[in-house]
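# Structural description and commentary
Residues per chain are reported as follows:
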Amino acid sequence: MAEPAIQVENLGKRFRLGVGTATYDTLREALARAARPGKDDRRELWALRGVDLEVERGEALGIVGPNGAGKTTLLRILARITYPTEGVARTRGIVGSLLDVGTGFHPELTGRENVFLSGAVMGMRRREIRASFDEIVEFSGVERFLDTPVKRYSSGMRLRLAFAVAAHLEPPIVVVDEVLAVGDSAFREKCMGKMAEMGRRDRTVLFVSHDLGAITRLCTRAVWLEGGNIQAEGPPRSIVSSYLERATPGRLLDIEFNAEPDAAVAVQRVSVRDGATGQVLTVPERGQPFTIEMAFEVRETIPDMRVALILVDELGVVVIDDDVRDRPFGGALSGAQGAYVVSATIPPLLRAGRYMVRTWIGNDLGDSLNRDLLTFRVGPRPDDPQEYMERTRAVQPEIEWKVRREPML
Amino acid sequence: MRHALRRVQAQVRPHLNWLEIRPPARGIPRLGLRELWTYRDLGLILALRDIQLVYRQTLLGVAWVVLQPLIAMLIFALVFGRLAHLPSDGVPYTSFALAGLTVWTFVSSAVSAAANSLVQDRDLVTKVYFPRLLAPLAAVLAATVDLFITLVLLVPVLAIDGVVPPLQVLTLPLWIVGAILLATAVGLWLAAANVLYRDVRYVLPFLLQAWLFISPVAFSSSLVSDGWKWVYNLNPAAGLIDGMRWALLDGPSPGTQLAVSVGSLFLLLVSGVVWFRAAERVFADTI
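Residues numbered from 1 in each chain as written. Chains lettered and ligands numbered in written order. Predicted model: local features only at pLDDT ≥ 70, side-chain atom pairs only at ≥ 80, totals over all residues.

### Quick look at the environment of Arg80 of chain A
Residue and element names in this part refer to chain A. Let me state the cut-off plainly: Put simply, DSSP H or I for four residues or longer makes a helix, DSSP E for two residues or longer makes a strand, and each gets a number counted from the N terminus. For the exposure call, what matters is how many other C-beta atoms sit within 10 Å of a residue's own: 20 or more marks it buried, 12 or fewer exposed, and in between partly exposed, using C-beta atoms placed from the backbone.
Locating Arg80 in the fold gives a position in the loop between α2 (71-78) and β4 (86-92). With 17 C-beta atoms counted inside 10 Å, the residue Arg80 sits in the partly exposed group. For the pair Arg80 and Ile239, spaced 159 residues apart in sequence, the C-alpha to C-alpha distance is 27 Å.

Following this line, the structure appears as C-alpha cells:
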C-alpha cells in the first residue's frame, strides 16, 4: 500500500545574511537602504536547494548530514514554520513535532493552565484537551503539583509534564529533531520508544539525529543531506556508511571550526594526533595509539561540566562513548567561562574502517553541546591480509594468544 | 467490528487532506479567516493566559487596572481642569476625563501588548505553526477586559458628578467596537514592524505619547478650529473619543467629521492586515 504522506519537489530556501553579525534589521537601516536603492550588500545563502523527496505513509525516514546541511530547515518548512523560497512541499495532514515539548509553557502559570496552553499551541482543541486531561496528568506523574506555578517545578517534572502533553497529540506526520533536543538520555530514550510506537501505528516519522546507530535501528529509509542537497538516499545502513566515508583520504585531521559567536559553548579546533609524537595524522593505522584533541570555549558557565567523546563506526555502532565524569580534574575542567583543551588517548583497539567523532558537553541538567566533529579512517597495517577488511568485527585489539602442545592421553 | 472501523476512519479522515506548502505568492495576501476560525481555541487560550499573567505577576493585581484610569482621571482633573481651566463641554472634568480615558487606556495598553505579542512569544513563532494573526488579536482581546473594567468604573464617577447619560448611550457598543478595531489596526502594524525592526520597541512609548497629545483625552475637541477639524479627525481616536463623550455625557455630537475618522480607521485596519500578512512570511526567519 504505497500511499505518499509527503511529497517534496525542487524545494529551496534562501536566507539573507545581515551585514556583519546582525541578522535583525533596524528601521533606521531599512530606511537608509530604501533611500539608496541598489546598495543592498547583504549576502545570500541557500540553506536548501533542489530537494526532491517522497515519503510514504508509515515510513520512518532518517535524515543524516553534518551541521548546517539544511536538515532543520527542511523540517521547519514541512512544519510550516517558515516558507520555502522555491518549489513545493505537500504533506498529508499536519506535521507535529515530538521533541519541541513544552513549547508555549509559561513559568508563571500553573501546571494545569500550562497543559491547556501547550495543548492548544500544538493544535489541540480545548474539548480534546479536556477529554484527555486526566490521562495526561496521570502519565506525567505530577498530580500533586497541578496548581503550582511551573517555575517551581524541577526541570525533570517540567519535562515530564510537557512530554505527557506531546505524547497525547498524534499528528499523522511526526518530526523528531534530536539535534535540537534538550533533556537527559533517559528522556531521549523515552522519546525513541514513543517514536518506534508511532511507526507501528502507521504514523509517518521524520527523524534527524547524530546518533547514526539510532537511525539504522529505527528508520526504514534514510537520506543524506549535505550543503542543502540530497547526496544519497536508500536503506539506512548503506546511507550511514557512505555518509561516514565522505571524509577525503589524505586530509590532515586537524580542523578549525567557525567562530559561532552566539553559542554558549563552541568547539574551536579538533585534531587527531599520534599518541607518542603528538604529530597530526592523516590516516591512523590499526593498532597505533592516537589522541583526539579538542579545544573549546565555554562562554556561559556550565556548573559540574562534563565532556564526552563518542566514536561511531560506519555501521552506526557506538564503539566508544566516554565521559570525564568522576575523574579528578578539579578546577581544570570546572565549567567556568574560559578556553579548555581536552585530549583523549584511544587505546589500540579499533579495526580498520571509518569513524565519526562526536562530542557532548553538558551536565546532569542537560546538554550544552552535542555535535559531530570529524570523520576519519583507520587504515590497515601494511601486512594485514585483505580479509581483515572484509570480516565484520566491532573492535580488533591486540589479543595475546598462547599455544602449547600436550601429549595425547 | 464495524463500529471499530468507523472510529478508525474518523481518526484518519481529517489527516487525509493535502496541505500544500509553497513560496509566498506575490501581491496582496489573503486574509485566511477560515483558518483563523479553526484555530480560535488557541486565540482564546492565549488571551486567557495574558489575563491570568497580568493578575498574577503584578503586586497590585486587579487593583492596578482600576487604579490606573482613576489616577489618570484625578491628575487630568487637577492639572487640566483646575489649574489650566481647560473647557470640558459643560460636564464636571472628572467625568469628562474618564470618558476619554476609557478609550485611551484601552487603546494604548492593547496596542503595546499587541506590538510586543510576537516578540514575546518568540518560542511559539519559531517552533510551531499557527496563524500569526492570532498573537496580536489575542493580546487585544485580553486588553478588552481593562476596557470593561473602566466602563464599570464610569458608573460611580458619573453618579458622583451627577451626570445622567442621555438616550444615545445606546450607541455605546458602536464606540466600543470602534476602539477594539482601532487597537487591532495599530497593533497589527506595530507587531509586524517590531519583528522586522529591532528599534521599534524603543520608538513605541514615544509614539503612544505623541498619539495621546493629538487625541482629545485631556482636552475637548471643541478647542480645534473648524478649518482644521478634518485633519484632526484623521486620527481615528479623535472621532472615537468624541463619540464616546457624546454617548455618555451628551457632549457635542461628533458631526460629519466622524466620517473622516471612520474612513481612516478602515484604511488603517485594511492596510494593517495586508502588511501583517505580507510581513508574516519572514517572521520565523527574522524574529
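After presenting the structure, the write-up continues.
### Concerning the nonpolar core
What counts, and what does not: Nonpolar cores are identified as sets of buried Ala, Val, Leu, Ile, Met, Phe, Trp, Tyr and Cys residues joined via C-beta atoms within 7 Å.
If you look at the biggest cluster of nonpolar residues, it comprises 165 residues, and the most contacted ones within it are Phe207 of chain A together with Val107, Ala110, Ala114, Ala179 and Ala183 of chain B. With 16 residues, the single largest contributor to this core is helix α5 (residues 93-120) of chain B.

### Here's the deal with the sheet that holds strand β16 (residues 353-363) of chain A
Residue and element names in this part refer to chain A. Inclusion rule: For two strands to pair, DSSP has to find at least two bridges joining them. Fitted lines through C-alpha atoms give the axes, limited to the stretch in contact for helices. The angle between two N-to-C directions lies from 0 to 180 degrees.
Pairing within the open sheet is antiparallel, and its four strands lie in the order β14-β13-β16-β17. Strands with a single pairing partner mark the edges of an open sheet, and in this sheet they are β14 (318-323) and β17 (366-378). Looking at each pair of strands side by side, their axes are set apart by 15 degrees on average, direction ignored. Relative to β14, strand β13 (residues 306-313) is paired through five bridges, and the arrangement is antiparallel.

### Points about the interface of chain B and chain A
What counts is decided by this rule: Two residues qualify as a contact pair if the distance between their C-beta atoms, derived from the backbone, is within 7 Å. Charged means Asp, Glu, Lys or Arg here, nonpolar means Ala, Val, Leu, Ile, Met, Phe, Trp, Tyr, Cys or Pro, and polar covers whatever is left, Gly included.
The interface is formed by 33 residues belonging to chain B together with 38 residues belonging to chain A. Going through the elements one at a time, β1 (18-21), α3 (40-57), α6 (122-127) and α13 (283-286) of chain B are the ones with two or more residues in the side of chain B that touches chain A. In terms of residue class, the side of chain B that touches chain A is made up of 16 nonpolar, six polar and 11 charged. Here four bridges tie β4 of chain A to β1 of chain B, and the two strands are oriented antiparallel to one another.

### A word on the confidence of the model for chain A
All names here are of chain A. Rules: Here pLDDT means the predictor's own confidence in every residue, given as a number from 0 to 100.
In this model, chain A carries a mean pLDDT of 82, and residues with pLDDT of at least 70 account for 87%. Here helix α9 (residues 387-390) stands out as the element of chain A with the lowest mean pLDDT, 65, in contrast to strand β12 (residues 290-298), whose mean of 93 is the highest. Under a pLDDT of 50 for its full length, residues 19-23 has, in the predicted model, five contacts with residues more than four places off or in other chains.

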